[in-house]
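# Analysis of the macromolecular model
Each chain, written out:
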Amino acid sequence: MTNTAEGPEQGAEVKINTDVPQSARIWNYWLGGTDNYEVDRVAGDEYVALYPGIVEIAREGRYFMDRAIRHLALERGIRQFMDCGTGLPTVDNTHEMAQRAAPGARVVYVDNDPLVLAHARALMTGTPAGGTAYIGADLHDPKSIMDGASEVLDLSQPVGLMLIAVMGHIVDPDEALGVVRGLMEPLASGSYLVLHDSTDANEAFNAAQRAYDATGAIPFRLRSPEFIRGYFDDLEIEEPGIVTGGAWRPEVDSIDVEDLPTLCGVARKP
Ligand SMILES: C[S@@+](CC[C@H](N)C(=O)[O-])C[C@H]1O[C@@H](n2cnc3c(N)ncnc32)[C@H](O)[C@@H]1O
């Protein structure tokens, strides 16, 4: 079955596959949103039955990203951001986080899902002209993403690259490392990688993820902590290092769960 939504061009229709769950939509369901379908809610409930911590992981990633964006905007002077694997946030969109911290900040969204594209297009009608852009592209092709980004960002200036809960979708481990390097490579010295991913350290989480992958959805690989640390090789890692999301520069309202099977960090390109 497919549903339709307003597409990227005026009057165009986007086909949305509602036969299998989709990660942006199921994430939106866990975050308490309404941009999801029955198939996502059923899969989401089955996941939670096996591993309830997934809901906190979804929330924790968004809170981490907000803190990281404020850190980069307010303390490192970053004014350009790329959010790859945008998803369907329920409360704070990335451009709202960035432009609250630095009103002139430019934000480029990148995702390959048609519902995310329709959502982003609707969002952009309410943002200052030129402040926000959307690239419909696939992380499997980092060069096309960066070609698109070069048209809307000044790549001679630093960029904050956000990869939140998305790299597990690049199933091949060598390719996943190559994608992060391919995205960072054209960025100026002084750019930052902001990455949050889930680890394979919890057996209930692993079992829930295996069951999700068996639904026919695009799979997601939970990775070893060592592997996730490898994304940051050759970069200058900001304090407090590569840690569980709740432990990265926590604030009073941060989720106080330090043993979630996640890792995240912020690191500067020399
Ligand atoms: C788990 S959601 C995370 C969304 C968001 N980053 C967050 O933390 O709320 C993963 C996102 O990555 C997108 N995605 C998955 N595979 C992708 C690919 N190959 N290229 C681009 N985006 C992809 C999905 O459509 C989805 O929006």
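Attention in this report is confined to the structure presented alongside it. (Residues numbered from 1 in each chain as written. Predicted model: local features only at pLDDT ≥ 70, side-chain atom pairs only at ≥ 80, totals over all residues. Heavy atoms only, no water.)

### Concerning the overall build of the chain
When you go through the chain residue by residue, the secondary structure sums to nine helices and nine strands. Rg of the C-alpha trace for the chain: 17 Å, near the compact-globule value of 18 Å for 270 residues, within the 12% margin. Dimensions of the chain, computed from C-alpha atoms along their principal axes, come out at roughly 45 × 45 × 35 Å. Nonlocal contacts in the chain, meaning residues at least 24 apart in sequence, comprise 70% of its contacts between residues at least 6 apart. Roughly 11500 Å² of accessible area belongs to the chain as shown, and the carbon and sulfur atoms make up 52% of that amount. Separation of charge centres in the chain, based on 21 positive and 42 negative side chains, amounts to 4 Å. (Helix = DSSP H or I, 4+ residues; strand = E, 2+ residues; numbered from the N terminus. Rg over C-alpha atoms; globule rule 2.2 N^0.38 Å. Contact = heavy atoms within 4.5 Å. Areas by Shrake-Rupley, 256 points an atom, 1.4 Å probe, with all protein chains shown as cover. Lys, Arg positive; Asp, Glu negative; His and termini not counted. Charge placed at Lys NZ, Arg CZ, Asp CG, Glu CD.)

### Quick look at the site of the ligand
Near the ligand, the surroundings consist of 20 residues, among which Gly85, Asp111, Asp138, Leu139 and Ile164 are the closest. Separating a nitrogen atom of the ligand from a side-chain N or O atom of Asp138 is a distance of 2.9 Å. In the model, a nitrogen atom of the ligand is placed 2.9 Å from a nitrogen or oxygen of the Leu139 main chain. For the ligand, the accessible surface in isolation is 600 Å², of which the surrounding protein chains cover 97%. Applying the majority rule of atoms within 2 Å of the grid points places the ligand in the largest pocket. If one sorts the elements of the shell around the ligand by residue count, helix H1 (residues 23-30) sits on top with three residues. (Near = heavy atom within 4 Å. Polar contact = N/O pair within 3.5 Å; in protein donor to acceptor, adjacent residues only side chain to side chain. 1 Å grid on protein atoms, 1.4 Å probe; cavity = no way out; pocket = protein on both sides within 12 Å on 5 of 7 lines; lining within 4 Å. Sits in = over half its atoms within 2 Å of the grid points.)

### With respect to empty space enclosed by the protein
Tallied over the full model, the rule gives one cavity of 30 Å³ or more. Surrounding the largest cavity, Thr86, Gly87, Pro89, Asn93, Val116, His119, Ala120 and Leu123 form its lining. A class-by-class count of the residues in the lining of the largest cavity yields four nonpolar, four polar and no charged. (Points joined across faces, edges and corners; volume = space filled by probe spheres on them. Nonpolar A, V, L, I, M, F, W, Y, C, P; charged D, E, K, R; others polar.)

### Considering the side chain of Lys269
With respect to the helices, strands and loops of the structure, Lys269 is situated in the segment after strand S9 (262-268). Of the buried charged residues, Lys269 lacks a salt bridge, with Glu185 as the closest side chain of opposite charge at 5.8 Å. Here Glu185 takes part through its backbone oxygen, which lies 2.8 Å from a polar atom of the side chain of Lys269. Of note is the side chain of Lys269, whose polar atom sits 2.6 Å from the backbone oxygen of Leu187. Filtering out sequence-adjacent residues up to four positions away, Lys269 remains in contact with Met184, Glu185, Leu187, Ala188, Ser189, Gly190, Ser191 and Leu235. (Buried < 20%, exposed > 50% of the residue type's maximum accessible area, 1.4 Å probe, protein only. Salt bridge = Lys/Arg side-chain N within 4 Å of Asp/Glu carboxyl O.)

### As for the environment of Glu238
Structurally, the position occupied by Glu238 is in the loop between strand S8 (236-237) and S9. Among all residues touching Glu238, those that are not within four sequence positions of it are His71, Arg76, Tyr192, Arg249, Val266 and Ala267.

### Quick word on the sheet that holds strand S4 (residues 106-111)
In a beta sheet, neighbouring strands pair by backbone hydrogen bonds and run either parallel or antiparallel. The sheet built from seven strands is open, its strands ordered S5-S4-S3-S6-S7-S9-S8 with mixed pairing. The outermost strands of the open sheet, each flanked by one partner alone, are strand S5 (132-136) and S8. Lying over the sheet, helix H3 (residues 53-75) contacts strand S3 (80-84), strand S6 (160-164), strand S7 (192-198) and S9, oriented at roughly 170 degrees with respect to S7. (Pairing = 2+ DSSP bridges. Axes fitted to C-alpha atoms, helices over the stretch in contact; angles between N-to-C directions.)

### Some words on the packing of aromatic side chains
For the coordinates displayed, the defined rule picks out seven aromatic pairs. Each member of the aromatic cluster is reached from another via a ring pair, and the members are Trp27, Trp30, Tyr47, Tyr51, Phe205 and Tyr212. Positioned above the aromatic ring of Trp248 is the side chain of Arg249, whose terminal nitrogen or guanidinium carbon lies 5.1 Å from the ring centre. (Phe/Tyr/Trp six-rings, centres within 6.5 Å; stacked < 30°, edge-to-face > 60°. Lys NZ or Arg CZ within 6 Å of the ring centre and 35° of its normal.)

### Examining the layout of surface pockets
Of the pockets and cavities examined, the largest pocket occupies roughly 750 Å³. For the largest pocket, the lining is made up of 45 residues, of which Gln22, Ser23, Ala24, Val166 and His169 are closest to its centre. Among the residues forming the lining of the largest pocket, the class breakdown is 26 nonpolar, 12 polar and seven charged.

### Some points on the pairing of S4
Counting buried positions along S4 gives five out of six residues, so the element sits mostly inside the fold. With five bridges joining them, S3 and S4 adopt parallel strand pairing. When the bridges of S4 are listed, Gln80 appears paired with Arg106. Taking the sense of rotation as the criterion, the β-α-β connection linking S3, helix H4 (residues 94-101) and S4 turns out right-handed. Pairing analysis gives five bridges linking S4 to S5, with the strands arranged parallel. Residue Val108 lies in a different strand from S5, and its bridge partner there is Ala133. (Right-handed = clockwise from strand over helix to strand, strands pointing away.)

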